[in-house]
Each structure stands twice: as C-alpha cells, then as structure tokens.
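Per-entry structural report
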Amino acid sequence: MITDPCSHSVIDHPGDTDHSVAIAQSSRTTKTVHPESGNRKTVDHQRIERAVRDILIAVGEDPDREGLLETPARVARMYAEVFSGLHKDPSVHLKRVFTENYDEIVLVRDIEFHSMCEHHLLPFSGRAHVAYLPNGKVVGLSKLARVVDEVARRPQVQERMTETIANMIEEALGARGVAVMIESTHSCMTMRGIRKAGASCTTSAMRGVFRENLSSRAEILGLIMNPSR
Ligand SMILES: [Zn+2]
C-alpha cells in the first residue's frame, strides 16, 4: 500500500486486483473537467509574468533586484513548455496504424516523463510502462512515448494521467488489452510537507483482458516488474 503524496488517499499496490476499479470509480464520480477534455487556448505569457512578479512580492522578495528581473519572463516560458500538452491532442500520434497479424503483447518499458502535480505546481517525474495486446492494429513504438510525454505536460495527478493514457490507447487501437503502469517521485512529497525523499508512487490502469483475466494480468505485471525473467 502506498499513500499518494497529493491527495493522501491510499493507492493499492498494482498487483491488487481492485486497484484499477477503485481509480476508475473515483474518476467517474468526481467528474473533473480537465485539460484531457481539450483546451486549445494559447498561453498568455504577460499574465504569467504579472502573476510571478506578484508572488515574488507576496513572499517578501524584491522583484526589481538584478537577479530577479528576468525571472517572471523565464517562468512564463517555462510554464508554456511544461504545460504545452494542454494545447495538444496526444491521440493524433495513434492515428497512423499498421495492420499486422501479431497478436502477442507489445510492451514499451521505462518511458521517462516529467509532469507537474496540479495540487502544488511542483514536478513529479518517473517512468511509464505501456503495454497493449493488438487486435490487428499496431502503432509505431515511439508514438506510445509521445502520448506519455504530451499527457504528462499538463497540470496532472498521477492517477488520472495513468487512466488517460490507457483510455487513449484502448480507444485508438481497439486493443484487446491495455496496461499502463507509472512509477514516480513527487517533489511535493520530498521537498515540502512530510519530506520523504525516495518515496515513490505507483499507479496502474488495466483494460480489456488485462483487467478481466487474472493470468493475463499476472503475465503483464511480471513482464513490467521483472523484464529479465
Ligand atoms: Zn502535489
């Protein structure tokens, strides 16, 4: 059992069969309106600059001292970059598919990502493992990494990020099964609050046979957790 650093809710170990069900139910009931639903407005740099200047004043700094003069503009450019996924539809990367008879698991492990926790606007970073069981359609492996990257570049919570990636792949490829597991460390847990360096947070989302069939689920979890076996 792992405690989520942001919401303090308890996240079951990915091996626990109830995990993905619990997450799916909670996301249904909260009805979060999120960038995942699509926001194509552009970034207002000047507005961020004004806000950052205000924050500097509010914390007791002098935004006009030399070292801070360029900071509001830098932060605006940084936010435009780390939130660039707000203005993209990651599913476009899954549109170009190839027809193949291959019907075994496709797994891409260790996709590095960097995201921003939406509760504190602090980074969380880690690795995503993405697997699917094709149903006649396969996609370029790098496209899966692109989807992870763009979904990560939004104000996020790790649980929703995991679900969003799984849903997108299931929908675009009509896959017989999809498994997404994300392992990360959250700055909001290591540099503030309870300050537990090294604590990691694992989430998983299972679809299709990986959700319904216990042996398929065990097989994919084994491949993700012990790749050399
Ligand atoms: Zn947080």
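The paragraphs below set out a description of the structure included in this document. The model shown is predicted, which means the values in this text are computed figures rather than measured ones. (Residues numbered from 1 in each chain as written. Predicted model: local features only at pLDDT ≥ 70, side-chain atom pairs only at ≥ 80, totals over all residues.)

**So, the pairing of strand β4 (residues 106–117)**
Bridge count for β4 against strand β5 (residues 122–133) is 10 bridges, and the pairing is antiparallel. Within β5, the residue paired with L107 across the bridge is A131. The hairpin turn running from β4 into β5, its antiparallel successor, is 4 residues long, and L121 in that turn takes a positive phi close to 55 degrees. Across 2 bridges, the pairing between β4 and strand β7 (residues 155–156) is parallel. Each residue of the ladder has a partner; that of M116, found in β7, is P155. (Pairing = 2+ DSSP bridges. Helix = DSSP H or I, 4+ residues; strand = E, 2+ residues; numbered from the N terminus.)

**Focus on the sheet that holds β7**
If you walk across this open sheet you meet the 5 strands as β7-β4-β5-β8-β9, and the pairing is mixed. Pairing within the sheet leaves two strands with one partner each, and these edge strands are β7 and β9 (201–208). In this structure, β5 lies alongside strand β8 (residues 177–186), joined through 10 bridges in antiparallel fashion. Within the sheet, the bridge partner assigned to F124 lies in β8 and is H186. With respect to the sheet, helix α5 (residues 158–173) is in contact with β4, β5, β7, β8 and β9, its orientation differing from that of β9 by roughly 25 degrees. (Contact = placed C-beta atoms within 7 Å. Axes fitted to C-alpha atoms, helices over the stretch in contact; angles between N-to-C directions.)

**Details of the pairing of β9**
A regular strand places its side chains so that they alternate between the two faces of the sheet. Within β9, 6 of the 8 residues are buried, which leaves the element mostly enclosed by the surrounding structure. Here β8 pairs with β9 via 8 bridges, running antiparallel. Paired with G177 across the bridge in β9 is G208. (Buried ≥ 20, exposed ≤ 12 C-beta atoms within 10 Å, placed from the backbone.)

**A closer look at the environment of G126**
Residue placement: G126 occurs in strand β5. In this structure G126 comes out as buried when scored by C-beta crowding, with 20 C-beta atoms within 10 Å. Separated by 75 residues in sequence, G126 and C201 have C-alpha atoms that sit 9.3 Å apart. Beyond its immediate stretch of four places on either side in the chain, G126 contacts F113, I182, E183, S184 and T185.

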